[in-house]
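These are the residues of each chain, in order.
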Amino acid sequence: MTGVARMLAEIAHIGADPRGGYARPGYGDADRELREWFVGHARARGLDVHRDRNGIVWAWWHPPGSGGPAVVTGSHLDSVPGGGAYDGPLGVASALAAVDVMRARGDTPARPIAVGVFPEEEGSRFGLACLGSRLVSGAVSPERALALTDREGDTFADALRRDGLDPRHVGRDDEMLDAIGCFVELHVEQGRGLIDLGQPVAIGASILGHGRWRVTVDGQGNHAGTTLMGDRRDPMVAAARAVLEIRDIARGIPDARATVGRIEPVPGGTNVIASRVSFWIDARHPDDVVTAALIASVRDAVARVAAAEGCTATLQEESLSPTVDFDRGLRDRMRAALPDAPELGTGAGHDAGVLAERIPTAMLFVRNPTGISHSPEELVEDSDADKGAVALADALVAVAGDRTDASV
Ligand code: HGY
Ligand code: MN
Ligand code: MN
């Protein structure tokens, strides 16, 4: 037993979503409670803990004789609405357990080992995924980040102040990044790969390029009872047609994925024809050129179906991340340490994908026997969680090099 299941049980009550699963938006109350849980565990292990100006929490272990840029692991604690218990927290708990395993074995990593907890990875509150890692790496400007708003109209700047951080200080942190040699993130697998391969752990190969776009359809708000069907310019009908067309466009492109999971009518009354409907598209494909072509087709389809309903529509890019191949050198070292672990790509985005812009990154995936994620049905068996934590310890030592090994 590595303690991963016990640590996750300690936070199982935090941020429960009444609709099922969890609702743990970044920089919110549940996130803060989870962060305090992490800090308690890190301090109990004697790790040096600090929170940087972007809200990332770092916990450092300096093994005797270690030096140079750290090997960092960790993940996130925030969730999507109705999210599962493992997406994020498994990587954080496994990182703490991996430190325990290395210490118990008397491992002597040549580098410092750090655990990072990255805020707002899901982008569920402010709409931009991996907000913490984008800020520290400079992938998003402070100006753009601070102006982001949540559904209550609070800006990211408001949330930072409420969370004890100074909005004037967020942004790229080269000093922080220089202290990091590489980042190895463990994460629950969010598909069926390991089920089909019959393995508990995989080494990450790549992350699918992905983006988010907002479509806004404007029509004529009116009374549901007094407005004849022929006199309507109903943006909800245009949006509904657009969602179907988006599905059909993606179906027609091998390996493409396009999802509309969020739609917001204004004003949203049962007896009211909406005046405006916004919905968001999440589109992904291994080839960034194909993603761009898919969105171009979507743009045309949205304009066409809006016009057919007497409405107008805009499509605005909110974020776009290229396909990322994880660092070959890290993967080679990890494969040597984990010879039975297959290599798997993922369709899910991660902080490791964002940080790859600035430092070498890699991932480990742990089997999810339901193959379902972003849902309360997400699952990791305790025995696989233990295997994941030990595999992470093996990977971290392999990547850090052993202090007693002259070749490091
Ligand atoms: O959306 C994703 O792929 C990730 O879970 N943030
Ligand atoms: Mn995640
Ligand atoms: Mn996720």
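Here is what the cut-offs are and how they apply
- Residues numbered from 1 in each chain as written.
- Chains lettered and ligands numbered in written order.
- Predicted model: local features only at pLDDT ≥ 70, side-chain atom pairs only at ≥ 80, totals over all residues.
- Heavy atoms only, no water.
- Pairing = 2+ DSSP bridges.
- Helix = DSSP H or I, 4+ residues; strand = E, 2+ residues; numbered from the N terminus.
- Axes fitted to C-alpha atoms, helices over the stretch in contact; angles between N-to-C directions.
- Contact = heavy atoms within 4.5 Å.
- Donors = N, O, S within 2.8 Å, 3.2 Å for Na, K, Ca; no water.
- Buried < 20%, exposed > 50% of the residue type's maximum accessible area, 1.4 Å probe, protein only.
- Salt bridge = Lys/Arg side-chain N within 4 Å of Asp/Glu carboxyl O.
- Domains from an automatic or database assignment.
- Buried area = accessible area lost by both parts, 1.4 Å probe.
- Polar contact = N/O pair within 3.5 Å; in protein donor to acceptor, adjacent residues only side chain to side chain.
- Near = heavy atom within 4 Å.
- 1 Å grid on protein atoms, 1.4 Å probe; cavity = no way out; pocket = protein on both sides within 12 Å on 5 of 7 lines; lining within 4 Å.
- Sits in = over half its atoms within 2 Å of the grid points.
- Nonpolar A, V, L, I, M, F, W, Y, C, P; charged D, E, K, R; others polar.

> Talk me through the sheet that holds strand β11 (residues 276-285); I want residue IDs and the actual numbers.
Taken together, the 4 strands give an open sheet; going across it, the order is β9-β11-β7-β12, and neighbouring strands pair in antiparallel fashion. Both outer strands of the open sheet, β9 (257-266) and β12 (312-321), are each paired with one neighbouring strand and no more. Mean inter-strand twist for the sheet, computed between neighbouring axes without regard to direction, equals 15 degrees. Bridge count for strand β7 (residues 209-218) against β12 is 9 bridges, and the pairing is antiparallel. Paired with V215 across the bridge in β12 is L315. Against the sheet, helix α10 (residues 288-308) engages β7, β11 and β12, with an angle of about 155 degrees to β11.

> If you had to explain the coordination of the manganese ion (ligand 2) to someone new, which residues and values would you point to?
Listed as protein donors to the manganese ion (ligand 2) are H76 (NE2), D87 (OD) and H187 (NE2); their distances from the metal cover 2.0 to 2.2 Å. Positions of the donor residues of the manganese ion (ligand 2), expressed as sequence spacing, correspond to H-x10-D-x99-H.

> Can you lay out the coordination of the manganese ion (ligand 3) for me, pointing to particular residues and giving the numbers?
Looking at the manganese ion (ligand 3), the protein donor atoms are D87 (OD), E122 (OE), E122 (OE) and H374 (NE2), and they sit 2.1 to 2.8 Å from it. Sequence positions of the donors to the manganese ion (ligand 3) reduce to the motif D-x34-E-x251-H. A separation of 3.5 Å is found between the manganese ion (ligand 3) and the manganese ion (ligand 2), both of which receive a donor from D87. You can see E122 sitting in the loop between β4 (113-117) and α4 (131-137) and its partner H374 sitting in the loop between β15 (361-366) and α13 (382-400), a full 252 residues away along the chain. Residue classification places E122 among the buried residues on the basis of a relative accessible area of 6%.

> I'd like to hear about the pattern of salt bridges, residue by residue, with values.
Per the counting criterion, the structure on display carries 30 salt bridges. For D158, the salt bridge goes to R161, with nearest N and O atoms at 3.3 Å. With a gap of 3 residues between them, D158 and R161 both fall in helix α6 (residues 156-162), about one helical turn apart. Three or more residues are tied together by salt bridges with common partners; here these are D29, R32, R35, R51 and D163.

> Talk me through the domain arrangement of the chain; I want residue IDs and the actual numbers.
Annotation of the chain at the domain level lists domain 1 (4-208 + 323-400) and domain 2 (210-321). Spacing between the C-alpha centres of domain 1 and domain 2 amounts to 33 Å. Taken together, the contacts link 14 residues of domain 1 with 13 residues of domain 2. Taken over both partners, the interface formed by domain 1 and domain 2 buries close to 1,100 Å², and the fraction arising from carbon and sulfur atoms is 37%. In terms of surface lost to domain 2, no three residues of domain 1 exceed R151, L208 and T323, which account for 51% of the buried area on that side. Put simply, domain 1 and domain 2 have 1 salt bridge between them. In this structure, the salt-bridge partner of R151 is E264, at a minimum N-O distance of 3.6 Å. Counting the contacts that link domain 1 with domain 2 gives 8 residue pairs in polar contact (both at pLDDT 80 or more).

> So what's going on with the side chain of T291? Which residues, and what values?
Inspection of the secondary structure puts T291 in helix α10. Setting aside chain neighbours within four positions, we find T291 in contact with W213, A283, R284 and H285.

> Just give me the short version of the site of ligand 1, but keep the residues and values in it.
Neighbouring ligand 1 are the residues E121, E122, R284, A348, G349 and H374. At 3.0 Å from a nitrogen atom of ligand 1 is found a side-chain nitrogen or oxygen belonging to E121. Of all the cavities here, the one that holds ligand 1 is the largest pocket. Class assignment of the residues belonging to the shell around ligand 1 gives a composition of 1 nonpolar, 2 polar and 3 charged.

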